[in-house]
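# Working through the structure, step by step
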Amino acid sequence: MRLDRALRDAEAGRTRREAEKLIAAGRVSVNGIAVRSADAKVDPQTDAICLDGRPVMSRQFRAYMMNKPAGVLSATEDRAAQTVLDLLPEPLRRLGLSPAGRLDKDAEGLLILTNDGDLIHHIITPKRRVEKRYFVRLAFPWQADYGDKFAAGITLDDGYVCLPARFAGIEGEQAGYVYVCEGKFHQVKRMLAALGNEVTYLKRLSVAGVELDETLRPGEVRELSEEELFRLKNSGIWHKNCPEK
Ligand code: URA
């Protein structure tokens, strides 16, 4: 629908002329960007529409980041083990949130939780090439050729050839950063195992450049900012012929 219409619907009593004036004055933003044309097309279900920086309507879709602790499953339910949903404050448990891509039980760090199925698909499909960055500690020293091997596409134990990825070792440490655009089962651990190494600690630091908020204690969540949501939604590859894998 048109932006001026969305604004009128959101705040009953506002006339079309008033809505147009607010928009023309640059006081209305859509997903964090000021929009000055009243006929701009918006989807009130998914777009964050703000007046003077404050949301004008409740969105159906919500997205949060969690600092996932080790020892918790990235699942919505499990009969035996604690899941990330069990860690949510009570009101958030009713939103129907699911993790956008799993982290292993022993892994920590950034987990996006949302009830927006399109956003989950966008983040996890290898087709979009949305980059995830991990910090790894290794059992053995990393080798100078890891960067080239990651870039060439590492072959996993089941014969799967990974998409080009990146490894950046930390000088003087048995540790480094891994950047991947897909999320096969235990992928980072298996990539390093394929090079004869072993991951002893794994933490996801960012997704599409959205960084883990290090002020979150393990198990805590906070809602994504408009800017973070915008970044996630517009990350990766969008051209219509982009390869499936
Ligand atoms: N790669 C892994 O091996 N484990 C994770 O949890 C995420 C990426």
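Residues numbered from 1 in each chain as written. Predicted model: local features only at pLDDT ≥ 70, side-chain atom pairs only at ≥ 80, totals over all residues. Heavy atoms only, no water.

### As for the environment of Arg93
For clarity, the cut-off: Strands are runs of DSSP state E lasting at least two residues, helices are runs of H or I lasting at least four, and both sets are numbered from the N terminus onward. With a 1.4 Å probe rolled over the protein chains alone, any residue whose accessible area is under 20% of its type maximum counts as buried; one over 50% counts as exposed, and the rest are partly exposed. Between two residues, a contact is recorded if the distance between any of their heavy atoms is within 4.5 Å. By the criterion applied in these results, polar contacts are pairs of N or O atoms within 3.5 Å in which, for protein atoms, one can donate a hydrogen and the other can accept it, and in which residues neighboring in sequence qualify only through two side-chain atoms.
Assignment of secondary structure puts Arg93 in helix 3 (residues 90-93). Overall, Arg93 belongs to the partly exposed group, its relative accessible area being 42%. Residues Arg93 and Thr76, spaced 17 residues apart in sequence, show a C-alpha to C-alpha distance of 10.0 Å. Arg93 has contacts with Leu85, Asp86 and Leu88, leaving out every residue within four places of it along the chain. Separated by 3.0 Å, the side chain of Arg93 and the backbone oxygen of Asp86 make a polar contact.

### Let's talk about the site of the ligand
To keep it simple, the criterion reads: In this text, near means that some heavy atom of the residue lies within 4 Å of the molecule or strand in question. Each accessible area value is a Shrake-Rupley result obtained with a 1.4 Å probe; residue values ignore everything except the protein chains displayed when judging cover. Throughout this entry, Asp, Glu, Lys and Arg are counted as charged residues, while Ala, Val, Leu, Ile, Met, Phe, Trp, Tyr, Cys and Pro are counted as nonpolar. The remaining residues, Gly among them, count as polar.
In the region of the ligand, the neighbouring residues are Leu103, Asp104, Ala107, Tyr134, His186, Gln187, Val188, Lys189 and Leu202. Here an oxygen atom of the ligand and a backbone polar atom of Asp104 are 2.7 Å apart. In this structure, a nitrogen atom belonging to the ligand sits 3.0 Å away from a main-chain N or O atom of Val188. Here the ligand has 240 Å² of accessible area as a free molecule, and 94% of this is covered by the chains. Its residues placed into classes, the shell around the ligand shows five nonpolar, two polar and two charged.

### Re the sheet that holds strand 1 (residues 28-30)
Stated precisely, the cut-off is as follows: Note on pairing: two strands pair once DSSP finds at least 2 bridges between them.
On the basis of which strands lie adjacent, the open sheet formed by four strands has the order 2-1-3-4 and antiparallel pairing. Unpaired on one side and paired on the other, strand 2 (33-34) and strand 4 (54-55) mark the two borders of the sheet. Two elements, strand 3 (residues 49-51) and strand 4, share two bridges in a ladder whose sense is antiparallel. When the sheet's bridge partners are listed, Cys50 is paired in strand 4 with Pro55.

### What about the packing of aromatic side chains?
Where we set the bar: Working definition: a ring pair exists when centres of Phe, Tyr or Trp rings (six-membered ring for Trp) sit within 6.5 Å. Plane angles under 30 degrees give stacked, over 60 give edge-to-face, the rest tilted.
This model, assessed by the stated rule, comprises five aromatic pairs. Both rings, one in Trp142 and one in Phe167, keep their centres 6.2 Å apart while their planes meet at 55°; by these two values the pair is tilted. Here Phe167 lies in strand 9 (residues 166-169) and Trp142 lies in the loop between strand 8 (132-138) and helix 5 (146-152), a separation of 25 residues in the sequence. Given a relative accessible area of 21%, Trp142 falls into the partly exposed group. Look at Tyr146 and Phe167: their rings are 5.2 Å apart centre to centre, the planes differ by 75°, and that puts the pair in the edge-to-face class. In this pair, Tyr146 is assigned in helix 5 and Phe167 in strand 9, connecting sequence segments 21 residues apart.

### What to know about the nonpolar core
So the rule is basically this: We call a set of buried residues a nonpolar core when its members are Ala, Val, Leu, Ile, Met, Phe, Trp, Tyr or Cys and they connect through side-chain atoms within 4.5 Å of each other.
Grouped together as the largest cluster of nonpolar side chains are 30 residues, with contacts concentrated most on Leu113, Val136, Val178 and Leu192. For this core, the secondary structure elements donating two or more residues are strand 5 (63-68), strand 7 (108-114), strand 8, helix 5, strand 10 (175-180), helix 6 (187-194) and strand 11 (199-207). Core analysis: the second largest hydrophobic core is formed by 17 residues, Ile120, Val130, Ala208 and Leu232 among them.

### Focus: the pairing of strand 7
Summarising burial for strand 7: six of the seven residues are buried, a large majority. Summarising the sheet, strand 5 and strand 7 pair through six bridges and their orientation is antiparallel. By the bridge assignment, Tyr64 is partnered in strand 7 with Leu113. As judged from the two bridges shared by strand 6 (residues 98-99) and strand 7, these two strands associate in the antiparallel manner.

### A closer look at the packing of helix 4 (residues 117-124) against helix 7 (residues 226-233)
How we decide: Axes here mean lines fitted to C-alpha atoms, for a helix over just the part in contact, with angles spanning 0 to 180 degrees between N-to-C directions. Reported orientations rely on four angle classes, namely roughly parallel under 35 degrees, roughly antiparallel over 145, roughly perpendicular from 65 to 115, and oblique for the rest.
Closest axis-to-axis distance for the helix 4/helix 7 pair is 10 Å, and the angle between their directions is 60°. Taken together, the axes of helix 4 and helix 7 lie oblique to each other. Contacts between helix 4 and helix 7 pair Leu119, His122 and Ile123 from the former with Leu229, Leu232 and Lys233 from the latter. By residue class, the composition of the contact of helix 4 with helix 7 is four nonpolar, one polar and one charged.

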